[in-house]
Amino acid sequence: MEDHIRFDAEACTLLLLDQRKLPLIEETFACRTVEDVVFALQTMVVRGAPAIGVSAAYGCRIALRQAMAAGAYWRNELERLLSMLAQARPTAVNLAWAVGVMREAGAGIQDPRELGEVWLALAMKIHAEDIAMNKAMGRFGGALLADGDTVMTHCNAGALATAGYGTALGVIRGAVDMGKKISVIANETRPFLQGARLTAYELHKDGIPVTVACDNACSLLMKRGLVDKVVVGADRIVANGDVANKIGTSGVAILARHYGIPFYVAAPSSTFDLGTPDGSLIPIEDRTPLEVTHVGDTRITPEGVPVFNYAFDVTDHSLITGIITERGVLSPPYTSSIAEIIGQERRP
Ligand SMILES: CSC[C@H]1O[C@H](OP(=O)(O)O)[C@H](O)[C@@H]1O
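Residues numbered from 1 in each chain as written. Predicted model: local features only at pLDDT ≥ 70, side-chain atom pairs only at ≥ 80, totals over all residues. Heavy atoms only, no water.

If you check an unreviewed UniProt entry, the protein chain appears there as Methylthioribose-1-phosphate isomerase from Desulfomicrobium macestii. Per its UniProt entry, the protein chain bears the Sequence similarities (unreviewed entry) comment "Belongs to the EIF-2B alpha/beta/delta subunits family. MtnA subfamily." Its UniProt record, at the heading Pathway (unreviewed entry), says of the protein chain: "Amino-acid biosynthesis; L-methionine biosynthesis via salvage pathway; L-methionine from S-methyl-5-thio-alpha-D-ribose 1-phosphate: step 1/6." (UniProt positions renumbered as here; feature names shortened; annotations may be inferred.)

Moving on, we come to the site of the ligand. Neighbouring the ligand are 19 residues; Gly48, Arg89, Asp235, Asn245 and Lys246 lie closest to it. One of the side-chain N or O atoms of Asn245 is found 2.5 Å from an oxygen atom in the ligand. Residue Lys246 places a side-chain N or O atom 2.7 Å away from an oxygen atom belonging to the ligand. For the ligand, whose accessible area on its own is 400 Å², the fraction buried by protein is 100%. If you list the elements that add at least two residues to the shell around the ligand, you get helix H2 (49-67) and strand E9 (243-246). Looking at the shell around the ligand residue by residue, the class counts come to eight nonpolar, seven polar and four charged. (Near = heavy atom within 4 Å. Polar contact = N/O pair within 3.5 Å; in protein donor to acceptor, adjacent residues only side chain to side chain. Areas by Shrake-Rupley, 256 points an atom, 1.4 Å probe, with all protein chains shown as cover. Helix = DSSP H or I, 4+ residues; strand = E, 2+ residues; numbered from the N terminus. Nonpolar A, V, L, I, M, F, W, Y, C, P; charged D, E, K, R; others polar.)

Another point: helix H3 (residues 74-86). Side chains three or four residues apart in an α-helix point the same way, a direct result of the helix having 3.6 residues per turn. When the terminal C-alpha atoms of H3 are compared, their 18 Å separation across 13 residues agrees well with the 18 Å that a helix rising 1.5 Å per residue should span. Within the sequence span of H3, burial applies to Trp74, Leu78, Leu81, Leu82 and Leu85. Projected down its long axis, H3 carries its buried residues within an arc of 100°, all on one side. (Expected span 1.5 Å × (residues − 1). Buried < 20%, exposed > 50% of the residue type's maximum accessible area, 1.4 Å probe, protein only. Arc of directions from axis to C-beta.)

What follows covers the sheet that holds strand E3 (residues 28-31). An order of E1-E2-E3 is seen for the three strands of this open sheet, with the pairing classed as antiparallel. Edge positions in the open sheet fall to strand E1 (5-8) and E3, since each of these has one partner strand only. Each strand of the sheet is rotated relative to its neighbour by a mean of 25°, with strand direction disregarded. Alignment of E1 against strand E2 (residues 13-17), held across four bridges, turns out to be antiparallel. Looking at the pairing, Asp8 lines up with Thr13 of E2. Against the sheet, helix H1 (residues 34-42) contacts E2 and E3, and its axis sits at roughly 140° relative to E3. (Pairing = 2+ DSSP bridges. Axes fitted to C-alpha atoms, helices over the stretch in contact; angles between N-to-C directions. Contact = heavy atoms within 4.5 Å.)

Following this line, the structure appears as structure tokens:
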């Protein structure tokens, strides 16, 4: 599934597999303007921290084409569009990282045509490198899984959340590629159901045994010894190893610690934010109530009753057995292992 994000350079159009409609409908959503890209990010046509970063990189190229219409003022218009893009979703650091990398590469280039060529090449490099990083994570992480393991995941950290192959699901795929028999329990992950709809879709297509579980079955499944390890993705990992990920992740981590089950996080270096010292400072996206009050078009809560819909939570670094990256597996104390292995160098 390495083609769910495509860029038509001639039409300067980003083509996305519409993840809102999976698994029942496979449909492409075309982004011809920055507004289209922002809409796709905010409504989760495309979602998942690395996939958001790759899409934003192509979004910068679209912003340049759009800004050219402003004539002599194209730089001002470009900056307005880039700022709009960078603010589309607040928690996944990959979005700001990708726009920042593009801005840095374009600094000092006066000719918009030259800038367009540089940005297209860089966006394609970010895209290709994400797949390569996923496969490296698969090798490092796959070695941590034992033949016959049942691994619990939360949300979707697969090919659909990245440029292809996946972070947490990349670890699963890496172990399978090593000849290990791995089964997966995919937490459905209310309210957007990334686990039930997207992880199950990906793994079933790959022929990897997957069972969907209600989010609130987690403790029972662990207590009954049905979970050997947990592997999840991340949206932002900060300097002390605290991890922002899909809402519910911290609860899974607390239960895993209670039941003595190893809890791993898989993420590329582009998901690290060394400028933020701890997880209390990570912005948590607060999404539309409609995702909670409705299932599809059907209302399930009474009119007038408020709901919480925080999209992420923060797992304390003390609950994490290891952080799997494309540069190796980080072990506690994370403040030093992150500084040593990830460091400041996170450029593609
Ligand atoms: C490859 S990790 C992706 C990460 O992003 C997901 O959030 P969302 O579906 O809202 O973009 C989830 O937290 C995943 O772990």
